[in-house]
Amino acid sequence: MSATSTPHEHPGVPHQPAPEAGETPGTLAPTPSQTIGPFYGYALPFPGGGDMAPAGHPDTITLHGRVLDGAGEPVPDALLEFWQAGPDGSLRGAPGSLRRDPATGAVIGRDGVEFTGFGRVPTDADGRYALRTLPATAPAGRPDAAPYIAVCVFARGLLHHLFTRVYFPEDTAVHAADPLLSQLPAHRARTLVARADGERRYRFDIRLQAPADAGTTADDGTCEETVFLEFR
């Protein structure tokens with residue numbers, strides 16, 4: 001019986017050529033970045049992921065909304081991550097979001113005491129999410145920045161996650177000087193500002209793509225594609 005064999009071919013799987021002279025065996029081209037996969041529902045959300053404010057904190061606000069595609073349909077399996085500066089503007093954060101049971105290793109979530117500055121929330125079947133957190137503050141050392149919450153969006157069909165921000169309507173006076181908002185046309189900047197939706201409650205929808213009919217864009221920017229950021 002011969003000691004040599006040929007690779008087993010699988011339909012649809014590209015054949016990897018043998019390395020050329022001088023190449024390191026086993027070196028392959030990097031695969032593309034992607035966030036597609038049916039793993040959000042059981043691998044990434046954790047208990048209390050949307051409860052960034054400590055339980056019972058009197059300053060708690062609720063940020064809620066929907067993630068929508070270009071047709072205005074809900075995205076039911078998106079995952080949103082939130083980061084924000086602490087009440088003192090600090091970006092250090094604090095431990096406590098992803099605690100694990102020392103016996104089983106299971107994620108048991110927040111300690112219910114510390115404000116960690118981090119949240120992770122999946123959307124439901126209607127594309128809805130809800131976050132309970134403390135009022136946004138501007139990062140320390142950035143006197144020109146308006147208060148905001150940073151958001152990262154993961155969803156099916158996105159090869160790269162998307163970054164955006166949530167600003168708040170009560171800070172309109174400082175929006176004109178904000179390094180990001182001040183560079184945007186008014187109708188685009190409005191896609192980054194949450195709307196008051198009750199006492200200590202705000203609505204912020206994330207639209208992944210503008211409608212096919214650009215003529216349907218509303219004056220308040222609600223039908224505009226959300227502004228997304230690129231970090232280099």
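Right above here is the structure, for reference.
Everything numeric here is computed off the predicted structure, so don't read it as measured data.

## Topic: the sheet that holds strand β5 (residues 118–122)
Alright, step 1. If you trace the four strands from one edge of the open sheet to the other, you get β5-β2-β7-β8, paired in antiparallel fashion. Looking at the sheet topology across the chains shown, the edges are occupied by β5 and β8 (162–167). Sheet twist, expressed as the mean angle between neighbouring strand axes with direction ignored, is 25 degrees.
Alright, step 2. Two elements, strand β7 (residues 148–154) and β8, share six bridges in a ladder whose sense is antiparallel. Residue pairing across strands places Val151 opposite Thr164, the latter belonging to β8.

## Focus on the environment of Glu224
Alright, step 1. Structurally, Glu224 is set in the segment after β11 (206–207).
Alright, step 2. Owing to a relative accessible area of 15%, Glu224 belongs among the buried residues under this scheme.
Alright, step 3. Within polar-contact distance, the side chain of Glu224 engages the side chain of Arg188 at 3.1 Å.

## Looking at unusual backbone geometry
Alright, step 1. The phi dihedral of Arg200 is positive, around 55 degrees, even though this residue is not glycine.
Alright, step 2. On the secondary structure map, Arg200 appears in the loop between β9 (195–196) and β10 (201–203).

## Side note on the pattern of salt bridges
Alright, step 1. Taken as a whole and judged by the stated rule, the model has seven salt bridges.
Alright, step 2. Here Arg132 and Asp51 are joined by a salt bridge, their closest N and O atoms 2.8 Å apart. Of this pair, Arg132 sits in strand β6 (residues 128–133) while Asp51 sits in the loop between α1 (40–43) and β1 (61–68), and the two are 81 residues apart along the sequence.
Alright, step 3. Glu224 is paired through a salt bridge with Arg188; the nearest N and O atoms lie 3.1 Å apart. Remark: Arg188 occurs in helix α3 (residues 186–189) and Glu224 occurs in the segment after β11; sequence separation between them is 36 residues.

Each value, and the rule that gives it
- Residues numbered from 1 in each chain as written.
- Predicted model: local features only at pLDDT ≥ 70, side-chain atom pairs only at ≥ 80, totals over all residues.
- Heavy atoms only, no water.
- Pairing = 2+ DSSP bridges.
- Helix = DSSP H or I, 4+ residues; strand = E, 2+ residues; numbered from the N terminus.
- Axes fitted to C-alpha atoms, helices over the stretch in contact; angles between N-to-C directions.
- Buried < 20%, exposed > 50% of the residue type's maximum accessible area, 1.4 Å probe, protein only.
- Polar contact = N/O pair within 3.5 Å; in protein donor to acceptor, adjacent residues only side chain to side chain.
- Salt bridge = Lys/Arg side-chain N within 4 Å of Asp/Glu carboxyl O.

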